[in-house]
Every structure is written in C-alpha cells, then in structure tokens.
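# Summary of structural features
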Amino acid sequence: MIIKKLIAKLKPLVPKKLKPFLLLMPPFNYSTPYINSIPKFEQFNVSDYFLFRRDEYETVFIAENNLALTLASPVECKHVFYFFDAHGVLCGSHKIVDSGYHLRLNIDNSMVGDIKIGGFIHQTWYKKLFTDELNSVSQRPLIFQHRGYTGFRKKNNPSSIFSFLHGNFGALYIDKHAKRSSLARLATVHNYTPQYILKPTSMYEFYFLNPVNKDMEIIIELKDDRSNIIHKHATTIKAFSHYRFEISGSPIDGECNITWKSSLPICRAIVFEATGNRFDVFHS
Amino acid sequence: MSDYLFLTNIGDDFINSISISKFVPNRRIKTKEYIEFKVVIYTQKKDALIWCKLDEVYFNDANNITLNSNDYDLDVGQLAVVVPCLLDFICEDIIMSLPEPISRKLDSSPVNERATISFSRGELSSSYQGEFPFAMSRVKGTFLAFDALIGEPHKKVSSKIVFINIFSKELPVKNTFSFNVANSSNKEIIKTYEYVHNSALIVDVDNMSDLSYVFYSKDTLGIPIFITYGEGEEFNLSVEHTHPPSELFWGDDKFYGQSLLKSKWMNTLP
C-alpha cells in the first residue's frame, strides 16, 4: 500500500516528454506487452503470430490488404508469408501479388514443405505511388498491423466448412536485414485464465506460440470445481517456437478450469476442442 | 474499462450460451485469484424503453456460471444483456438505463473482460471469447465491417451476421436505424435492414454470390458475429467476430487510422 501511494505521488513528477516511455515501465507498469521503440524503415508493418496445421487439419488464411481497405479502393499489394517450424526455424515463405481487399491463402506443401504444424506471419509491401496516395490523405504516419483470420478444417471431411479465429497476439516483423523480430516483450510473471470450462467428454489441444526472441517458461494448471490443482505441467517454449499441450480423458473427472503462468503480459493460446469428429477452435 | 456480455435468440434452432468464471482473466501473480460478483440479466423489448430484469445469478460455491438463451423467453432478435455486478448491488426489476458492469481487471495486466460466447445447433457448437465494452455502450457511433469471414460459395452452407447493439444510457425514444449490405466494389447497396437500439439484428448473407460485401450503419456502432453452418452431419460450425478497423493499424495512431478508413468508406457509400 505504501509503495502504491509512493508511485501515485511520483507519477505527476515524471517530465511530460518522458511520460510515454517511463509510465510504461516499472514501477509504474509491470505489464506493458510491447517495447515502446518502433524501428524506422520504409513500410514497417507488424503481424500477429498465427498457427498453421497440416496434420489431421488443413488451414486457410484470410489476409487483409490494409492499404486497399484504408483507401476504400483496390490497391496492388505484395503479400509475403513467412512460415516457421515447431522450433521457430524458417521453413518456407510465399509471395503473392493481389489487389483485392482480402486474399484467401490455402497453406500447402509448396509453402511449408513437410512441416505439419508451425507458426507464420504476414507482411505487406506496396509500390511508392500507392503509399504516396496514403500520405496525401493521412496527416500522421500509419503503421499497418496484420491480424487476419485463420480457418481450420478436418482433412478427412473436405466437404465441411472452415472454422475461423482471428489473430491473437504478436507484433512480429521482418526487419531491413531480412531478420525476424518482434515488438512483443516479456515482463513480470502473469497468470492468464480463459473464461472457459473444460469438459471431461472432450479432447483439448492448447497451442502456445512464443512471439518473443527469448525462451519463455510456462506453468499450466488444471483446477477442479473446488479450485484444487489436479494437474500441473511446466515447460520452456523456445524463442519464436510453439508448444502443444493436450488434455484428453484423465486427469479430468468433472468440469474444470485451466490457467497458466508466464512472463508474457498477455499470453493467449489457440484452443482446439474435439468431440468425436467434430471440433471447435478459438483463441483463449 | 469494464464489459457487458450478452445472450440472444437468433432462431433457426440455435442456442446461444455464455460461460463466465470468477477467476480474474489476467493478473500478476501477487494479485488475488478471483473476485466475488454476480451477474444480472436485463432485457429490453423491441418497442420498449425500459429494461426488465430477467434473472440474477450467483456463483454460490461454483467457479463458473453458464447461461443459455433457451432458459429465457427471448423473441428472435431480442437481446439479454448480462451485467457483472457486485454482490451487494441492488438490481431493480425495472430500470431506464443499464448499470455499469464491474471491472474484473485488478491490476495493470492487459485484458479484455470476456466470457466464452457459444452458439450451438444440434450437436454442433462453436465459440469465441467475447464481450461488449461498456465504453461502446455510451456512444452512438457508426459501424463498418468487411466480409472476410463469409465462407466460400457452397450450396449447403448458410452464413449469418448477428449484429449486437447495446446502448446503456436512458433512451427518450426508440428510433429505427438502417444496417446496409453493400457491394464493396461499386459501393452500391444490395439490401437494407432495420434495427433498433438494444437488439440483435440477424442478417442472412447470400454466400453463393461472387460479390464482395461491406456491412455498415451510419446510425450506430455494434459488434458483428459471423456464423457459418451447413445442413448435414459432415458440416462444422464457425463462429467468430471481425476485428474493428482500428486493428488494421499499430500503435498510438490506430484510432486515427480507423477514423480515416471509416471516412473514406462512409463518404463513398450511400
């Protein structure tokens, strides 16, 4: 309480010019999810870290043409997708030029090779005449963010529809040296609890994608209806890699909740719930 | 910032459910694990200006509350707003404006105060983590969304948009508003639907068309939920909301970007 009061007293004393930086740092804020400095290179744009599956699922991605949507008019866009394997190593890339507001991409072998499950990011590039058009109407420099929509469908049910979820978290980009980087950062330990009830009749897969250039510890706990911890699992997720956590049958007897601790200020997972041949997918 | 949750009846044998837990959605580890609250459910009929209390639900000893639309006698398109409240908050049976929901955010951890919002039909079910921000319920605003989540053309597949609109302040009169479906290429209106404040507009989208759509209202804001489903055992169900246009931009200028984008579209759409 004393520390809180002291911090409140210190806040007004922070010089105005430094406020945007200092107030996002401890002791004023322990939960800032992104670094505050933005790289300065032409057409810098950031992407969520998306999941693709080519195991028993197939994946489509709906990419947005941000400039076309902003100008309310079709604009030629070079979409580039970078795919990473379970260890976070680049396993393929794919370029496509399109003018539509949205691009539908079926993720296949030509893009990811034999990799069954991994992460990917989306980057865009526009010709100068189009960015000049944006600059002529915008009074501020705008940075595009790619949050797209990923759709999953069971491979053994190709006549069905894709179940979609939107981008989750990330702020990854390819820098001017063609190197993958991220604005996401680790901070103090946070505890994330999705508002979701796990049922003993279903099988669950939780995919955690690490969007930072550092290894990340995660501790996953299942709690029964009396808040007793009935299962606990700790692991390390390497930089830019992903981790899959599965729950099926045991150890769940009844309905329970799941929670996890990590140093990501907001650590969301992509969740697949399967009951027989039916499934649901959502972000936590 | 705090958030409302909602239930609605969208017809066609769908059941809408929400699940909410007493666990704090995101917190630093020294912050307490859960908060004590209850949820109160209010509804406003299409022609009414008053909110009527439908239910008041407590966790008791449980960690979770699940609410189903078919537990309440909701007309198609009628909205039930779920308000997280402190345990000692007195919830009147009839009110003119909605109470502010409590915040389930206890420290500076970034989080949307969500619930699992599910739609099920027969044995199929699909969900997303959703909410309706209190701040959005205080302003009239405008609405613009694109068709990214409308599936590929398929004879046996149907798509719906459920447009949720909550206005928590007292209403002096119930105006009728327009929700438009337009061709995003030539900007011409294809169809217009009427709706009112505090309702769920259900729009069936023709997904056999090659057209690309833009959905908009110059009258109010709202949250669009896209539902795609098929007739037959082989089909899955997809439920998701689109990002608001501000999410196309990064950083401090994201709302400036949204304003620019919206003005471009709204100035060319009829």
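Residues numbered from 1 in each chain as written. Chains lettered and ligands numbered in written order. Predicted model: local features only at pLDDT ≥ 70, side-chain atom pairs only at ≥ 80, totals over all residues. Heavy atoms only, no water.

## Brief notes about the overall build of chain A
Broken down by element type, chain A carries five helices and 20 strands. If one aligns the C-alpha atoms of chain A with their principal axes, the spans along those axes are about 60 × 60 × 30 Å. Within the span of chain A, comprising 284 residues, buried residues form 56% of the whole. As presented, chain A carries roughly 12,500 Å² of accessible surface, and 55% of it is formed by carbon and sulfur atoms. Side-chain charges in chain A split into 35 positive and 25 negative, and the spacing between the mean points of these groups amounts to 10 Å. (Helix = DSSP H or I, 4+ residues; strand = E, 2+ residues; numbered from the N terminus. Buried < 20%, exposed > 50% of the residue type's maximum accessible area, 1.4 Å probe, protein only. Areas by Shrake-Rupley, 256 points an atom, 1.4 Å probe, with all protein chains shown as cover. Lys, Arg positive; Asp, Glu negative; His and termini not counted. Charge placed at Lys NZ, Arg CZ, Asp CG, Glu CD.)

## Notes on the packing of aromatic side chains
Residues and elements named next belong to chain A. As enumerated under the stated definition, the model contains 40 aromatic pairs over all chains in all. Relative to Phe282, the ring of Tyr196 has its centre 4.6 Å away and its plane inclined at 45°; by these criteria the two rings are tilted. Taken together, the positions of Tyr196 in the loop between strand E13 (190–192) and strand E14 (203–209) and Phe282 in strand E20 (residues 278–283) put the pair 86 residues apart, joining distant regions of the chain. Residue class for Phe282 comes out buried when judged on its relative accessible area of 2%. The positively charged end of Arg53 is found above the aromatic ring belonging to Phe272, 4.5 Å away from the centroid. (Phe/Tyr/Trp six-rings, centres within 6.5 Å; stacked < 30°, edge-to-face > 60°. Lys NZ or Arg CZ within 6 Å of the ring centre and 35° of its normal.)

## Considerations on the interface of chain B and chain A
Facing the 65 residues of chain B at the interface are 68 residues of chain A. Of the roughly 5,800 Å² buried between chain B and chain A on both sides combined, carbon and sulfur atoms contribute 53%. Notably, a salt bridge pairs Arg140(A) with Asp253(B), separated by 3.1 Å at the nearest N-O pair. Inspection of the chain B/chain A interface yields 36 residue pairs in polar contact (both at pLDDT 80 or more). (Contact = heavy atoms within 4.5 Å. Buried area = accessible area lost by both parts, 1.4 Å probe. Salt bridge = Lys/Arg side-chain N within 4 Å of Asp/Glu carboxyl O. Polar contact = N/O pair within 3.5 Å; in protein donor to acceptor, adjacent residues only side chain to side chain.)

## Focus: the pairing of E20(A)
Residue and element names in this part refer to chain A. Along E20, five of the six residues are buried, which leaves the element largely enclosed by surrounding structure. Pairing geometry for strand E19 (residues 270–275) and E20, over six bridges, is antiparallel. Looking across to E20, one finds that Ala274 is bridged to Phe279. The antiparallel pairing of E19 with E20 creates a hairpin that spans two residues between the two strands, and Gly276 there sits at a positive phi of about 65°. (Pairing = 2+ DSSP bridges.)

## Comments concerning the sheet that holds strand E13 (residues 157–165) of chain B
In a beta sheet, neighbouring strands pair by backbone hydrogen bonds and run either parallel or antiparallel. Residues and elements named next belong to chain B. Spatially, the four strands line up as an open sheet ordered E16-E13-E18-E19, and their pairing is antiparallel. Each edge of the sheet is formed by a strand with only one pairing partner; in this case those strands are strand E16 (199–205) and strand E19 (237–241). For this sheet, the mean angle separating the axes of adjacent strands, direction not counted, is 20°. With seven bridges joining them, E13 and E16 adopt antiparallel strand pairing. Bridge assignment links Asn165 to a residue of E16, and that residue is Ser199. (Axes fitted to C-alpha atoms, helices over the stretch in contact; angles between N-to-C directions.)

## Re the pattern of salt bridges
Note on pairing: side chains with opposite charge can pair once their charged atoms come close. Counted according to the given criterion, the structure contains 26 salt bridges over all chains. One salt bridge in this structure joins Asp215(A) and Lys238(A), with 3.5 Å as the shortest N-O distance. On the criterion of sequence distance, the pair formed by Asp215(A) in the loop between E14 and strand E15 (216–223) and Lys238(A) in the loop between strand E16 (229–237) and strand E17 (242–248) is long-range, its members being 23 residues apart. Note that Lys223(A) is salt-bridged to Glu33(B), the shortest N-O span being 2.1 Å. Taken together, the positions of Lys223(A) in strand E15 and Glu33(B) in the loop between strand E3 (26–28) and strand E4 (38–43) put the pair across two chains.

## A short note on the side chain of Ser184(B)
On the secondary structure map, Ser184(B) appears in the loop between strand E14 (177–183) and strand E15 (189–195). In this structure Ser184(B) comes out as buried when scored by relative accessible area, which is 1%. With residues up to four places along the chain from it excluded, the contact list for Ser184(B) reads Tyr101(A), Ser212(B), Tyr213(B), Val214(B) and Trp265(B).

## Focus on the confidence of the model for chain B
Low pLDDT marks regions whose predicted coordinates should not be analysed in detail. Taken residue by residue, chain B gives an average pLDDT of 93. The fraction at 70 or more is 100%. Interface confidence for the predicted complex, given as ipTM, is 0.93, next to a pTM of 0.92. (pLDDT = per-residue confidence, 0-100.)

## So, the domain arrangement of chain A
All names here are of chain A. Per the domain assignment, the segments of chain A are domain 1 (1–30), domain 2 (45–182) and domain 3 (190–283). Measuring from the centre of the C-alpha atoms in domain 2 to the corresponding centre in domain 3 gives 25 Å. Across the domain 2/domain 3 interface, buried area totals approximately 2,200 Å², and carbon plus sulfur atoms make up 63% of it. Our enumeration of links across domain 2 and domain 3 arrives at one salt bridge. With its nearest N and O atoms 3.1 Å apart, the salt bridge here joins Arg53 to Glu205. Along the contact surface separating domain 2 from domain 3 lie seven residue pairs in polar contact (both at pLDDT 80 or more). The set of elements that each furnish at least two residues to the side of domain 2 that touches domain 3 consists of strand E2 (50–53), strand E7 (117–125), strand E9 (149–154), strand E10 (163–166), strand E11 (170–174) and strand E12 (180–182). Per-element tally for the side of domain 2 that touches domain 3: the top contributor is E10, with four residues. Residue composition of the side of domain 2 that touches domain 3, grouped by class: 11 nonpolar, 12 polar and five charged. (Domains from an automatic or database assignment. Nonpolar A, V, L, I, M, F, W, Y, C, P; charged D, E, K, R; others polar.)

## Considerations on the environment of Val281(A)
Note that Val281(A) resides in strand E20. A residue is classified by how much of its surface remains accessible, and Val281(A), at 0% relative accessible area, is buried. Counting along the chain gives 131 residues from Val281(A) to Thr150(A), while the straight-line C-alpha distance between them is 10.0 Å. Those residues in contact with Val281(A) that sit more than four places away from it in its chain are Phe152(A), Ser163(A), Phe164(A), Leu165(A), Ile270(A), Val271(A), Phe272(A) and Ser127(B).

## Describing the sheet that holds E2(A)
Residue and element names in this part refer to chain A. If you trace the four strands from one edge of the open sheet to the other, you get E2-E7-E4-E5, paired in antiparallel fashion. The sheet terminates laterally at E2 and strand E5 (90–98), the two strands that pair on one side only. Within the sheet, the average angular offset between the axes of one strand and its neighbour, ignoring direction, is 30°.

## Here's the deal with a nonpolar patch on the surface
On the surface, a cluster of nonpolar side chains totalling about 310 Å² of accessible area is made up of Leu6(A), Leu10(A) and Leu13(A). Looking at the element boundaries, Leu6(A) is found in helix H1 (residues 2–10). (Patch = residues over 30% accessible without salt bridge, like charges linked within 9 Å, V, L, I, M, F, W, Y side chains within 5 Å.)

## Things to note about the nonpolar core
Formed by 51 residues in total, the largest nonpolar core has its most connected members in Leu67(B), Leu98(B), Ile164(B), Ile225(B) and Ile227(B). When residues in this core are grouped by element, the largest group, six residues, is from strand E7 (residues 79–85) of chain B. Other than its neighbours up to four places away in sequence, Ile164(B) contacts Phe6(B), Thr8(B), Leu79(B), Phe132(B), Ser199(B), Ala200(B), Gly222(B), Ile223(B) and Ile225(B). Tyr204(A), Leu222(A), Cys256(A) and Leu264(A) belong to the second-largest nonpolar core, a separate cluster that totals 27 residues. (Core = buried A, V, L, I, M, F, W, Y, C linked by side-chain atoms within 4.5 Å.)

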